[in-house]
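Tertiary structure, described
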Amino acid sequence: MTEREALGRRRRVVAAVVASLLVLGPLAWFWWTSLVPANASVMDMGYPDTGGAPGATPGHGHTPTDGPGVSLATLAGPSGGDPDVALTLTADTGPIEVGGRTLDGYTLNGTSPGPTIEAEVGDLVEVTLVNRSVPDGTTLHWHGVDVPNAEDGVAGVTQDAVPPGGSHVYRFVVEDAGTYWYHSHQVSHAQVRGGLFGALVVHPPGSDEGAQAVAAVHTYGAVPTINGSAESLRVPAEPGDQVRVRVVNTGSGVLRAWVPGAQYRLLALDGRDLHGPGTVTDEAVAIGGGGRADLEVTVPDDGGSVRVRLGSQSVLVGPGDDAPDGDDPRTTLDLLTYGTPTDVGFDPRAADRRFDYAIGRRPGFVAGRPGLQWTINGHTYPDVPMYVVSEGDVVQMTLRNSSGQGHPMHLHGHHLLVLSRDGEPSTGSPWWTDSLELAAGESYEVAFVADNPGIWMDHCHNLPHAQQGLVAHLAYEGVDTPYLLGGDADNAPE
Ligand code: C2O
Ligand code: CU
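Residues numbered from 1 in each chain as written. Chains lettered and ligands numbered in written order. Predicted model: local features only at pLDDT ≥ 70, side-chain atom pairs only at ≥ 80, totals over all residues. Heavy atoms only, no water.

Let's shift gears to the overall build of the protein. Helix and strand counts for the protein stand at three helices and 37 strands. Its C-alpha atoms give the protein a radius of gyration of 25 Å, near enough to 23 Å, the size a compact globule of 494 residues would have. Based on the C-alpha atoms only, the size of the protein along its principal axes is roughly 105 × 50 × 50 Å. For the protein, the proportion of its 494 residues judged to be buried stands at 54%. The long-range fraction of contacts in the protein, counting pairs at least 24 apart against all pairs at least 6 apart in sequence, stands at 75%. Of the roughly 20,000 Å² that the protein leaves accessible, carbon and sulfur atoms contribute 52%. Computing the positive centroid from 27 side-chain charges and the negative centroid from 60, the protein places the two 14 Å apart. (Helix = DSSP H or I, 4+ residues; strand = E, 2+ residues; numbered from the N terminus. Rg over C-alpha atoms; globule rule 2.2 N^0.38 Å. Buried < 20%, exposed > 50% of the residue type's maximum accessible area, 1.4 Å probe, protein only. Contact = heavy atoms within 4.5 Å. Areas by Shrake-Rupley, 256 points an atom, 1.4 Å probe, with all protein chains shown as cover. Lys, Arg positive; Asp, Glu negative; His and termini not counted. Charge placed at Lys NZ, Arg CZ, Asp CG, Glu CD.)

What follows is the structure in structure tokens.
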């Protein structure tokens, strides 16, 4: 080899190395930045978005003007006083019998779903969660109940996961009548799907509500169930009775509810009564993952029953063994125009902060895994926005979905008022939601009042999507969390 040939070869080697570095370097960088450190605070995650308002950043005292925040642990329910409703829920890993099959799953007090918790507006509820045998640890989140932040049950954000042998006491006053549910918020994509949940009903004060029933819809493995049974749910009632069926969609996909051959009314959505709900015929209610809908049906006078179809399952209301059946009407009740308007208690147009929550999809890394990732405002987890508000703010948020799939978006600790969908304004009853299904291509403008200080998750309730990183947080200025993702408790909220 001449000196010249050797030089040429060296140059080629150097060029190849440089070229590979140019390709691999950024890849390695993206891989590296997608990792969530073993002990990370959500306060260090991503970047603050102040929604157009000047202001400090939340928590941790990162900036010189900040000062350390107040710990969310101080934002708890009443520590004193006798509870009006008190119970212990013991979580276990264990077999579940559904539809003649035995599946691996999780139970609360030996069953899945766990017991339905019933309370009245104003009650102090005290739940002691005991983890007897859930190896990853567990928590309870009160989905749709706007509890004080320290009672919210999110591992790594509002508490440490309760280890096997441990316990945790939740205490909160229920202020809003409605249909809610509770579920684990530790490794929730596995624990909720495996059965670690139950229903929670808050009745109006001094209530004389008449006949009603809870129908918690869940799919165990491939077995669709209502209240843990693959059979139809029977609700005894007399001819002429009006019965409120409280439907809870504990799954990830949209649940369609309809009443074959009879009229019904949609009384409430996500724990908020609708105003002036009219009769509905031949339309289905679409309930997004985590959402609830209260349907009112009337028992026929002929001694038969009326049927509420919940996907492939049925609720039979009345004395009879049978009721008319029929396929999904395929038209969907439009909540933008259902019911009549009434005061919402604030002016949503006078927003102090405006945020975008735009869901997209692109190739990248999340948690070191390559793939097609969910994005929020173009960023992938954990580099996601931290929406920053101050107590008392009126907040507007525009949710957009260009990801090609539907997402049930759930903000903790608050109810959102829908202002418009795809630019079309809401003109019916105020439409309050805590679990808003965004179909592919849709956009919604929503508003809420920042009246519940804390650090709150704002995530997709298709729980595998959350685990894949479709998660952001809402943080109140000056509030900090002492808990860590990972950490000694191995906190893993998704
Ligand atoms: Cu139903 Cu973040 O949860
Ligand atoms: Cu999703």
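After that view of the structure, there is still more to cover.
Close approach of charged atoms allows side chains of opposite charge to pair. All chains considered together, the criterion is met by 21 salt bridges. Salt-bridge contacts for D176 lead to R272; the nearest nitrogen and oxygen are separated by 3.4 Å. Residue D176 is found in the loop between strand 9 (167–173) and strand 10 (178–183), and its partner R272 is found in strand 18 (residues 272–273); the two are separated by 96 residues along the sequence. Relative accessible area serves as the criterion here: at 33%, D176 is assigned to the partly exposed category. A residue is classified by how much of its surface remains accessible, and R272, at 14% relative accessible area, is buried. In this structure, R307 and D325 form a salt bridge, with 3.8 Å as the shortest nitrogen-oxygen distance. Taken as a pair, R307 in strand 22 (residues 306–310) and D325 in the loop between strand 23 (313–317) and strand 24 (353–366) lie far apart in primary sequence, 18 residues in all. Put simply, E209, R244, R246, D273 and D294 are held in one network by salt bridges that share partners. (Salt bridge = Lys/Arg side-chain N within 4 Å of Asp/Glu carboxyl O.)

For the rest of this paragraph, the subject is the packing of aromatic side chains. Two numbers describe a pair of aromatic rings. These are the distance of the centres and the angle of the planes. Inspection of every chain in the model, using the stated rule, returns nine aromatic pairs. Three or more aromatic residues joined by ring pairs make a cluster, and in this case those are W142, Y170, F172 and Y182. In this structure, R361 is placed above the aromatic ring of W374, and the distance from its NZ or CZ to the ring centre is 4.0 Å. (Phe/Tyr/Trp six-rings, centres within 6.5 Å; stacked < 30°, edge-to-face > 60°. Lys NZ or Arg CZ within 6 Å of the ring centre and 35° of its normal.)

So, about the sheet that holds strand 9. Within a beta sheet, neighbouring strands are joined by backbone hydrogen bonds and run either parallel or antiparallel to one another. Sheet architecture is open: four strands sit in the order 5-4-7-9, paired in mixed fashion. Only two strands of the sheet have a single neighbouring strand rather than two, namely strand 5 (101–108) and strand 9. Geometrically, the sheet is characterised by an average inter-axis angle of 25° between neighbouring strands, direction not taken into account. Pairing of strand 4 (residues 85–98) with strand 5 involves eight bridges; the strand directions are antiparallel. Paired with T93 across the strands is Y106, a residue of strand 5. (Pairing = 2+ DSSP bridges. Axes fitted to C-alpha atoms, helices over the stretch in contact; angles between N-to-C directions.)

Take a negative patch on the surface next. Where like charges cluster on the molecular surface, the negative patch consists of D136, D160, D488 and D490. Tracing the backbone through its elements, the reader meets D136 in the loop between strand 7 (124–131) and strand 8 (141–143). (Patch = residues over 30% accessible without salt bridge, like charges linked within 9 Å, V, L, I, M, F, W, Y side chains within 5 Å.)

Take the coordination of the copper ion (ligand 2) next. Donor atoms from the polypeptide that coordinate the copper ion (ligand 2) comprise H407 (ND1), C460 (SG) and H465 (ND1), at 2.0 to 2.1 Å from the metal. Sequence spacing of the donors to the copper ion (ligand 2): H-x52-C-x4-H. Highlighted residues: H407 in strand 28 (residues 407–411) and H465 in helix 3 (residues 463–467), separated in sequence by 58 residues. The exposure class assigned to H465 is buried, which follows from its relative accessible area of 7%. (Donors = N, O, S within 2.8 Å, 3.2 Å for Na, K, Ca; no water.)

A word on the pairing of strand 29 (residues 416–421). Here strand 29 lies mainly inside the structure; six of its six residues are buried. Relative to strand 31 (residues 432–433), strand 29 runs antiparallel, the two sharing two bridges. Its bridge partner lying in strand 31, L417 is registered against W432. Bridge count between strand 29 and strand 33 (residues 443–449): four bridges; the pairing is antiparallel. Opposite L417, over in strand 33, you have A447 as the bridge partner. Pairing between strand 29 and strand 30 (residues 424–425): two bridges, direction antiparallel.

This paragraph deals with the nonpolar core. L266, V297, L310, V315, V317 and Y357 are the most contacted members of the largest nonpolar core, which has 79 residues in total. Element by element, the count of residues in this core is highest for strand 35 (residues 471–476), at five residues. Here this core spans two domains, since at least three of its residues come from each of domain 1 (39–75 + 343–486) and domain 2 (220–333). Those residues within four positions of L310 in sequence are excluded, and the remaining contacts are A215, V217, I226, V247, L255, R256, A257 and V315. (Core = buried A, V, L, I, M, F, W, Y, C linked by side-chain atoms within 4.5 Å. Domains from an automatic or database assignment.)

Model confidence for the protein is summarised by a mean pLDDT of 93, while 96% of its residues fall at 70 or above. Every residue in residues 61–67 is under pLDDT 50, and counting partners more than four places away or in other chains gives 10 contacts. (pLDDT = per-residue confidence, 0-100.)

Take a nonpolar patch on the surface next. Together, V14, V18, L22, V23, L24 and L27 make up an exposed nonpolar region whose accessible area comes to about 550 Å². By the element assignment, L24 lies in helix 1 (residues 3–33).

The mixed open sheet is built from five strands, whose spatial order is 14-23-22-16-20. At either end of the open sheet lies a strand with only one pairing partner, and these are strand 14 (233–235) and strand 20 (285–287). The mean inter-strand angle of the sheet, taken between neighbouring strand axes irrespective of direction, is 20°. With five bridges joining them, strand 22 and strand 23 adopt antiparallel strand pairing. Bridge pairing links R307 to L316 in strand 23.

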